[in-house]
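Residue-level structure breakdown
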Amino acid sequence: MKSVGAPIDRLDAQKKVTGTATYAMDTEVTKVVHAVIVTSTIAKGSISALDATAAKREPGVLAVMSHLDAPKVMAGKGKAGGPSERILQLLQDPLILYADQPIAVVVADTLERAQHAASLLVVKYTAEAAVATIEQALGTATTPKALAHGKPDWSRGSVEVGLVQAKFKLEQTYTTPNENHNPMEPHGTIAVWHGDELTLYDSTQGIFGCRNRLSEVFGIAKEKVRVIDQFVGGGFGCKGTPWSHIALSAMAAKVVNRPVKLAITRPQMFSLVGHRPHTIQKIALGCDAEGKLTAVRHDVISETSRFDEFVEPSALQSRMLYECANISTTHKVVGIDAPTPTFMRAPGESSGTFAIESAIDELAFLAKIDPLEFRIRNYASSDPQGKPFSSKSLRQCYEAAAAKFGWAKRTPTPRSMRDGHELVGYGMATATYPANQQSASAKAIARPDGTFLVQAGTQDLGTGTYTVMTQIAADALEVPIERVRFELGDSLMPETPVSGGSMTVGSVGPAVRQACIALRGMMAIARAEDKAKDIVAEIKTELAKDHDLYSMHSFGAPFVEVRVDEDLGTIRVARVVAAYACGKILNPKTANNQFVGGITWGIGMALQEETVRDRRTGRNVTRDLADYHVPVHADIPTIDVISIDEEDLHVNAIGTKGIGEIGITGITGAIANAVFHATGKRVRDLPIRLDKLLG
Ligand code: MOS
């Protein structure tokens, strides 16, 4: 009867493939009208004139809202505004802070009429020269106020001493470009006011964050805002914090006194909802004759906007990935005239493991030690920052993936594994992601008919939340899953954290389990007349003390075979074998899908993805999926994932560490290392394209 651990199909699969899943923008709302956001064509300066006369004359147009007449709201960070909250652009002044910033909202009875009227706006600017890249302003790099997790700088021992002691040394700079998330479903909001109460149908990773932020924007109680979001067509971080369009849709709904639907266009996805910021990462490593690390230094500079601060925490993993007496890590940011970046799948670890795992490969090569053997010699049995790991099965990951991949067949010399006109390269790396967690709440209801309804106000980004929560609930209730229905996606339900940081199952799962166990207790003592009615149990979990005592991380080991065609110039990932240890796996089918999705994105990150910003105008040149390249079927080989089940008694009551993000970590380094092995050419700047191999 146990359903946790079984490879159960997604319970929402049929709804999704038959088009009956109600995404936010699919919600039928009577009398809804349509809004479009008009964006700036300059990157810095101010609006000197905005003429909406022609636009307002068009049939069906209900309003043109700009800084001249928009309702006064709070666009800045609120009282609780931490490093995860963004400053919004809500038409409160004529200032232009970045290219393609919202400058007006046009509302009409149909989408086409709104789009047409938007094209008739006449806008004049006073433009100033914009700083479009951090390379133009490196002298202004400063230590950030805060990271979302951890401190900007951390060190132990002395890297200087460690480098003097070293037999082999390496100092290199690795860079990663701006990237944009582009989930299949772009962002969108339907805003409905009933008096001073606001209902939002919004595509979001966090209904409660959205509720709280909108209550601050409009200065109304949290209880007056309700956010509903039953299906999300991908999130990846860009839906983790509320962006301007959500408030703009609610402002427009107020102005026209009708429900307003506002969908972000694909080009707007590149400026309105955050991006992974460009990083410059300087790494220094030293090791002795046996390959033992004597020094690890990782200094990161990343892009932020001039008016807000987001830090890509790319050096965090270098504090604990390998055992070393001398470690130093720093983060700095450079503010430029660009939109504020944000979390993007494994923010920090994805770009950071590219740099550190490339550098480790380079040092192993200098020391003439096999790169896998080099990593094993520097294995960290406990976190160098001082705490024991709650569990760590990285050694088993290395062994299992190396054996299945056939790593032993690798000949160490670059260009030594040719196959016809293809150069063959084998590369590997270490993957890692923290086991994040927050307290959460859930409700379980026993119905007189013997069925159960379980609710938590969480989200399913396509990851499988509906399915896995139902499995957890069924086991805790000791009933088959057919008798359990799990609901999510409404801020009237019990509060849970944002679905980010791979923490949904680890946070909400224990709450669901505990609510169901409490319900069973209540049912055991219920009298017959109680059982004729619903019996309800609602609980809120606290974070276990073990979170202060242990270092909690998932680990993994991706191995890749790359083929570089010397005649055609193609760079292709031909094979991936990766092993991960992420605590307990609750559903091998949905888990495998997360690992494969992360690896697929990692292949794109390694070889294709790059948002190109024009230095002269500050505008993005890549602004659709024709110019912004992501992998398609022909780019992706068979991906073979081995999951190492771990028993972790400290992480939470479910024993899971989270699996949504680790797949994109390590893989870019493994590919860069394989490209070096294939060609003898080290590319330290993502994405790895043919021109960089020729250069
Ligand atoms: Mo993820 S970048 O924490 O949504």
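About the criteria used
Residues numbered from 1 in each chain as written. Predicted model: local features only at pLDDT ≥ 70, side-chain atom pairs only at ≥ 80, totals over all residues. Heavy atoms only, no water. Helix = DSSP H or I, 4+ residues; strand = E, 2+ residues; numbered from the N terminus. Rg over C-alpha atoms; globule rule 2.2 N^0.38 Å. Buried < 20%, exposed > 50% of the residue type's maximum accessible area, 1.4 Å probe, protein only. Areas by Shrake-Rupley, 256 points an atom, 1.4 Å probe, with all protein chains shown as cover. Polar contact = N/O pair within 3.5 Å; in protein donor to acceptor, adjacent residues only side chain to side chain. Contact = heavy atoms within 4.5 Å. Salt bridge = Lys/Arg side-chain N within 4 Å of Asp/Glu carboxyl O. Pairing = 2+ DSSP bridges. Axes fitted to C-alpha atoms, helices over the stretch in contact; angles between N-to-C directions. Domains from an automatic or database assignment. Nonpolar A, V, L, I, M, F, W, Y, C, P; charged D, E, K, R; others polar. Phe/Tyr/Trp six-rings, centres within 6.5 Å; stacked < 30°, edge-to-face > 60°. Lys NZ or Arg CZ within 6 Å of the ring centre and 35° of its normal. Core = buried A, V, L, I, M, F, W, Y, C linked by side-chain atoms within 4.5 Å.

1. Quick look at the overall build of the chain
Counting secondary structure elements, the chain contains 16 helices and 24 strands. Relative to a compact globule of 695 residues, whose C-alpha radius of gyration would be 26 Å, the chain shows 26 Å and is just as compact. Principal axes of the C-alpha set define a box for the chain whose edges measure 75 × 75 × 50 Å. Evaluated residue by residue, the chain yields a buried proportion of 62% over its 695 residues. Of the accessible surface of the chain, which amounts to about 26300 Å², a share of 53% is contributed by carbon and sulfur atoms.

2. A few points about the side chain of Lys-239
If you trace the backbone, Lys-239 turns up in the loop between strand 11 (225-228) and helix 6 (244-256). A relative accessible area of 2% means that Lys-239 is categorised as buried. At a separation of 2.7 Å, a polar atom in the side chain of Lys-239 contacts the main-chain carbonyl oxygen of Glu-185. If sequence neighbours within four positions are ignored, Lys-239 has contacts with Pro-183, Glu-185, Pro-186, His-187, Ser-203, Thr-204, Gln-205, Gly-206, Val-232, Gly-233 and Gly-234.

3. Here we look at the pattern of salt bridges
All chains considered together, the criterion is met by 43 salt bridges. A salt bridge links Glu-312 to Arg-276, with the nearest nitrogen and oxygen atoms 3.7 Å apart. Of this pair, Glu-312 sits in the loop between strand 14 (293-305) and strand 15 (327-336) while Arg-276 sits in the loop between strand 12 (260-263) and strand 13 (279-287), placing them 36 residues apart in sequence. On the basis of relative accessibility, which here comes to 0%, the residue Arg-276 falls in the buried class. Here Lys-692 ties to Asp-685 by a salt bridge, and the two come within 3.0 Å at their closest N and O atoms. Each of Asp-419, Glu-422, Glu-561, Arg-563, Arg-572 and Arg-575 takes part in one network of salt bridges that share partners.

4. Let's talk about the pairing of strand 13
Within a regular strand, the side chains alternate between the two sheet faces. With eight of nine residues buried, strand 13 is to be regarded as a mostly interior element. Bridge count between strand 8 (residues 168-176) and strand 13: nine bridges; the pairing is antiparallel. By the bridge assignment, Lys-169 is partnered in strand 13 with Gly-286. As paired strands, strand 13 and strand 14 are joined by nine bridges and run antiparallel to one another. Bridge pairing in strand 14 links Ala-284 to Arg-297. Turn length for the strand 13-strand 14 hairpin, with the two strands adjacent in sequence and antiparallel, is five residues, and the turn residue Gly-291 shows positive phi of about 85°.

5. Let's talk about the sheet that holds strand 20 (residues 484-487)
As summarised here, the arrangement of the four strands in space is 20-19-18-21, forming an open sheet in which the pairing is mixed. Looking along the sheet, the strands with just one partner apiece sit at the ends: strand 20 and strand 21 (535-540). Along the sheet, successive strands turn relative to each other by an average axial angle of 15°, direction set aside. On top of the sheet, helix 10 (residues 465-477) reaches strand 19 (452-455) and strand 20; it is set at about 135° to strand 20, its chief contact.

6. Brief notes about the sheet that holds strand 4 (residues 95-96)
Taking strand neighbours across the sheet as the criterion, the three strands line up as 4-2-6 in an open arrangement whose pairing is antiparallel. Where the open sheet ends on each side, the last strands, each with one partner, are strand 4 and strand 6 (122-127). As paired elements, strand 2 (residues 45-51) and strand 6 share six bridges and run antiparallel to each other. In the strand pairing of strand 6, Asp-51 is matched with Val-122.

7. Regarding the domain arrangement of the chain
Domain annotation for the chain reports domain 1 (24-129 + 184-234 + 239-270), domain 2 (154-179 + 275-435 + 549-694) and domain 3 (438-542). For domain 2 and domain 3, the distance between their C-alpha centres works out to 37 Å. Tallying the contact residues gives 14 residues for domain 2 and 15 residues for domain 3. For the pair domain 2 and domain 3, the interface holds five residue pairs in polar contact (both at pLDDT 80 or more). Here the side of domain 2 that touches domain 3 is composed, by residue class, of five nonpolar, seven polar and two charged.

8. Things to note about the packing of aromatic side chains
Within the structure shown, the criterion is met by 15 aromatic pairs. Centre to centre, the rings of Phe-231 and Tyr-466 are 5.6 Å apart; their planes meet at 35°, and the pair counts as tilted. Residue Phe-231 is located in the loop between strand 11 and helix 6, and its partner Tyr-466 is located in helix 10; the two are separated by 235 residues in the primary sequence. Here the aromatic rings of Phe-365 and Phe-676 are separated by 5.0 Å at their centres, their planes lie at 85°, and the arrangement is edge-to-face. Linking Phe-365 in helix 7 (residues 349-366) with Phe-676 in helix 15 (residues 667-679), this pair joins segments that are 311 residues apart in sequence. Judged by its relative accessible area of 12%, Phe-676 is buried. An aromatic cluster of three or more residues is present, and its members are Phe-405, Trp-407, Tyr-426 and Phe-559. Its end group placed over the ring of Trp-193, Lys-254 keeps NZ or CZ at 4.1 Å from the ring centre.

9. Concerning the environment of Lys-387
Along the chain, the position of Lys-387 falls in the loop between helix 8 (371-377) and helix 9 (394-405). Using a relative accessible area of 36% as the deciding quantity, one classes Lys-387 as partly exposed. Along the chain, Lys-387 and Arg-345 lie 42 residues apart, while their C-alpha atoms are 26 Å from each other. The residues contacting Lys-387, other than those within four sequence positions of it, are Ser-382, His-547, Asp-548, Leu-549, Tyr-550 and Ser-551. At 3.0 Å, the side chain of Lys-387 forms a polar contact with the backbone oxygen of Asp-548.

10. Quick notes on unusual backbone geometry
In this model, Leu-686 is joined to Pro-687 through a cis peptide bond whose omega is -5°. Tracing the sequence through the fold places Pro-687 in the loop between helix 15 and helix 16 (690-694). One non-glycine residue, Ala-346, adopts positive backbone phi at about 55°. Examined against the element boundaries, Ala-346 turns out to sit in the loop between strand 15 and helix 7. Judged by relative accessible area, Ala-346 falls into the buried class, the value being 0%. Backbone geometry at Arg-415 places phi at a positive 65°, although glycine is not the residue there. Among the secondary structure elements, Arg-415 is positioned in the loop between helix 9 and strand 16 (422-428). Since its relative accessible area comes to 40%, Arg-415 is described here as partly exposed.

11. So, the nonpolar core
If you look at the biggest cluster of nonpolar residues, it comprises 132 residues, and the most contacted ones within it are Leu-200, Leu-214, Phe-218 and Ile-671. For this core, the domains that each give at least three residues are domain 1 (24-129 + 184-234 + 239-270) and domain 2 (154-179 + 275-435 + 549-694). The next biggest cluster of nonpolar side chains, apart from the first, holds 36 residues, and it includes Leu-477, Ala-511, Leu-519 and Ile-535.

12. Some words on the side chain of Arg-563
With respect to the element layout, Arg-563 can be found in strand 22 (residues 553-565). Its relative accessible area of 16% is what places Arg-563 among the buried residues. At 2.8 Å, the side chain of Arg-563 and the side chain of Asp-419 are in polar contact. Here Glu-422 takes part through its side chain, which lies 2.7 Å from a polar atom of the side chain of Arg-563.

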